[in-house]
Each structure stands twice: as C-alpha cells, then as structure tokens.
Amino acid sequence: MKRIVLAGATGYLGQFVLKELLHRAYPVRALVRDAGKIRAADYRGLDVCEVEITDRQSLSGCCAASDVVISTVGITRQKDGLSYMDVDYQANVNLLEEARTAGVEKFIYVSALNADKLTHLSICRAKELFVDKLRTSGLGFCVIRPNGFFSDMAEFFSMAQRGRVYLFGKGQFRSNPIHGADLAVVCVDAIESSDREVEVGGPETLTHEEIAHMAFAALEKTPRITCISDWLRKLILRSVQAFTTQSFHGPIEFFLTVTAMDMVAPEYGRRTLQEFYSELSEQI
Ligand SMILES: NC(=O)c1ccc[n+]([C@@H]2O[C@H](COP(=O)([O-])OP(=O)(O)OC[C@H]3O[C@@H](n4cnc5c(N)ncnc54)[C@H](OP(=O)(O)O)[C@@H]3O)[C@@H](O)[C@H]2O)c1
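Residues numbered from 1 in each chain as written. Predicted model: local features only at pLDDT ≥ 70, side-chain atom pairs only at ≥ 80, totals over all residues. Heavy atoms only, no water.

A word on the pairing of strand β2 (residues 28–32)
Consideration 1: Across the five residues that make up β2, a large majority, five, are buried.
Consideration 2: On β2, burial covers both faces: V28, A30 and V32 on one face and R29 and L31 on the other are all buried.
Consideration 3: Relative to β2, strand β1 (residues 4–7) runs parallel, the two being bridged by four bridges. Within the sheet, the bridge partner assigned to I4 lies in β2 and is V28.
Consideration 4: Note on the crossover from β1 through helix α1 (residues 12–23) to β2: the handedness is right-handed.
Consideration 5: Note that β2 and strand β3 (residues 47–50) share four bridges and pair parallel. Paired with A30 across the bridge in β3 is V48. (Buried < 20%, exposed > 50% of the residue type's maximum accessible area, 1.4 Å probe, protein only. Helix = DSSP H or I, 4+ residues; strand = E, 2+ residues; numbered from the N terminus. Pairing = 2+ DSSP bridges. Right-handed = clockwise from strand over helix to strand, strands pointing away.)

Observations concerning the sheet that holds β3
Consideration 1: In space, the seven strands of this open sheet follow the order β3-β2-β1-β4-β5-β6-β9, with parallel pairing throughout. Looking along the sheet, the strands with just one partner apiece sit at the ends: β3 and β9 (197–200). The average angle at which neighbouring strand axes cross in this sheet is 15°, direction not considered.
Consideration 2: When strand β6 (residues 140–146) meets β9, the two strands line up parallel, connected through four bridges. If you follow R145 over to β9, its bridge partner there is E199.
Consideration 3: Along the sheet, α1 makes contact with β1, β2, β4 (68–71) and β5 (106–110), crossing β1 at roughly 165°. (Axes fitted to C-alpha atoms, helices over the stretch in contact; angles between N-to-C directions. Contact = heavy atoms within 4.5 Å.)

Overview of unusual backbone geometry
Consideration 1: We note that A65 has phi near 55°; this positive angle belongs to a residue other than glycine.
Consideration 2: With respect to the secondary-structure elements, A65 resides in the loop between β3 and β4.
Consideration 3: The backbone phi angle of N114 is positive, close to 70°, even though this residue is not glycine.
Consideration 4: For N114, a relative accessible area of 12% gives the class buried.

Some remarks on the packing of helix α3 (residues 122–135) against helix α8 (residues 246–258)
Consideration 1: Following both chains from N to C, one finds α3 and α8 inclined at 90°, their axes separated by 8 Å at the closest point. Taken as axis vectors, α3 and α8 run roughly perpendicular relative to one another. Where α3 approaches α8, its residues S122, I123, C124 and R125 are matched on the opposing element by Q246, G250, E253 and F254.
Consideration 2: Among the residues making up the contact of α3 with α8, the classes are represented as three nonpolar, three polar and two charged. (Parallel < 35°, antiparallel > 145°, perpendicular 65-115°, else oblique. Nonpolar A, V, L, I, M, F, W, Y, C, P; charged D, E, K, R; others polar.)

Here's the deal with the site of the ligand
Consideration 1: Contacts to the ligand come from 25 residues, most closely from T10, Y12, K37, T76 and K127.
Consideration 2: Between the ligand and Q78, the relevant distance is 3.0 Å, taken from an oxygen atom to a side-chain nitrogen or oxygen of the residue.
Consideration 3: For the ligand, an oxygen atom lies 2.7 Å from a polar atom in the side chain of K127.
Consideration 4: Computed on the free molecule, the ligand has an accessible area of 900 Å², of which 92% lies beneath the protein chains in the complex.
Consideration 5: Its residues assigned to classes, the shell around the ligand comprises 10 nonpolar, 10 polar and five charged. (Near = heavy atom within 4 Å. Polar contact = N/O pair within 3.5 Å; in protein donor to acceptor, adjacent residues only side chain to side chain. Areas by Shrake-Rupley, 256 points an atom, 1.4 Å probe, with all protein chains shown as cover.)

Structural notes on the state of the cysteines
In protein chemistry, a disulfide is the covalent bond that joins the sulfur atoms of two cysteines.
Consideration 1: Overall, the coordinates contain zero disulfides when judged by the stated rule.
Consideration 2: No disulfide involves C49; its sulfur sits 6.1 Å from that of C62, the nearest cysteine. (Disulfide = S-S within 2.5 Å.)

This is the structure we're talking about:
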C-alpha cells in the first residue's frame, strides 16, 4: 500500500481527500500548520505532523518513508498577509523539494480549471509556475484542474438568503461546480492512474441563472436577480487592480474573471448542487 503525505488536510477539499484516503486504508501523514484544527483521534491511524510549509527548514524529514505527496495547499480566504507566490508557488516548491529529497515517487497537485489559460491573474500565475516546476522535477506527477467547489457556490446561497442574487452578463455563463467529496475521489484515484493532467467538474452543467434559481428554491423564496453589465464588471476589476494590494484584489480579480466566462470541465461525480443547497437551508 502506498504511503501518502497530504498537505492541506485542514481545508475544504483536503478534509474530503483525507477521509477518502483513510476510507481506502492508505497510511496517511497529514502536514498541518495548526494541529488543533485536525482531530487526529477522529481518524484512526492518522499521523499528524505540524509544519510551516512556507518555511523549507520546518519540512525537513516530513516526507520520509512516503511514496506519494498530495497537495491542496493554496490561498483562498486566508488573511495571513502572504501572497500567492509565497503559498501557491513557494510553499508547494518547498514541499516538492522535500519530496524529491525523500525519494517520493509522485506528487499530486490541485491547481484550478483554466489556470493555465488565465495566467494574467495572480493566483493562476503562481499556480502555473508551480506546475512548471513540477513538470521538470523528475518526479511522477498529476495536476488536477477542478472547476469551482460547492464551498464557493455557497455565495449564491448567501446572496439569495439576503434577498437578491447579482449575476454578470445575463446570467448565461455556464459552469459545473463540484462537491469536495466527488473531487476527493479523483485526487485519490490519481495515486495509481497514469494521467498527468485531469480537468474535472461536477455532474451538472448549469447557467448562473439556473444556479441562482436553485438557491432561491431551496430557501422557498421568490427569485430576485439583478444582472450587472460587463462594463461595470470591468470597471470594478480595473479599479481594484489599480488601487488595492494584490493580497486584497487577488481573490476579487479571480472571481470577477471566472464568473464572466463559461467554466465547463468534463462532468464527474454524483452530488448535486440542489442537494447541497437543501442541506444549507436545513442548517438555517
Ligand atoms: N475553492 C474553489 O472553488 C477552488 C476551485 C479550484 C481550485 N481550487 C484550489 O484548490 C485548493 C484547495 O482549495 P480549498 O477550497 O480546499 O481551500 P481551503 O479550504 O482554503 O484550504 C487550503 C489549505 O491550504 C492551507 N494553507 C493556506 N495558506 C497556508 C499557509 N500560509 N501556510 C500553510 N498552509 C496554508 C490551509 O491551511 P489552514 O487550514 O491552516 O489555513 C488549508 O489546509 C487551493 O489551492 C485552491 O486554490 C479551489
């Protein structure tokens, strides 16, 4: 059985990857920066190792006696004052170097759908610079390029809860977001597969307008949708890029770009957005 090092286990996707690995009985070492965020007692056989992945020295020995590294590490909502280059690029480079030193066979990295085509965005540039490093590292590798996660689709639900959903264009852009549990299966399958790049999205391709209607339906509310014209989106985008720091505008520029284009990947999985929104409405 391959021995796995997982970095990012405290995040949305990482938690599902951890569960999937343990479900398939892989021996796992989870690299975390705060062991308090992971209740090792809940996971039988889990080895938790506290490290600072942004600090190369602290990783020393963390990949010893391991076969495969999986990294879901990246900045999403963290407000640590670090840049995408510090984390999405350099922290993953640190881990890659440690993996190489330890003689690991394969490195599985989670990038994002279309990141290779959107390298003018700071988040995508950092991720793809890491992918370039990975490709030339000499290690076996797999780059997973997933569509948006259901965790991000909760934003449509929150807007619907507040009474109005704002969409770009006419709400016609299409996407197939994916649940973390479905994506975790793809990440863990990559351990044995020979695929080097995997694009993946959820089982249903929907327009943003359909997603908004789904959120209102789960809340049993009358849909109220406002469409924002493209010139206004571009104005906001240019303003935040010009007048705010990269750590502030990075997530905004990514959001303002991918919500104004079709983001469709090969469909996979079985968990639907409707079920996800129903679960959210039950938690209210
Ligand atoms: N969310 C989406 O819709 C989406 C779509 C496509 C691709 N992706 C990519 O998929 C990956 C996982 O996303 P996610 O939604 O699971 O993100 P998440 O919930 O924010 O998890 C990110 C993980 O990275 C770790 N991390 C972040 N900054 C760190 C730092 N400075 N030092 C150490 N660890 C750090 C986090 O640790 P802590 O828990 O300690 O903060 C966490 O374990 C990311 O690279 C993301 O860009 C996301």
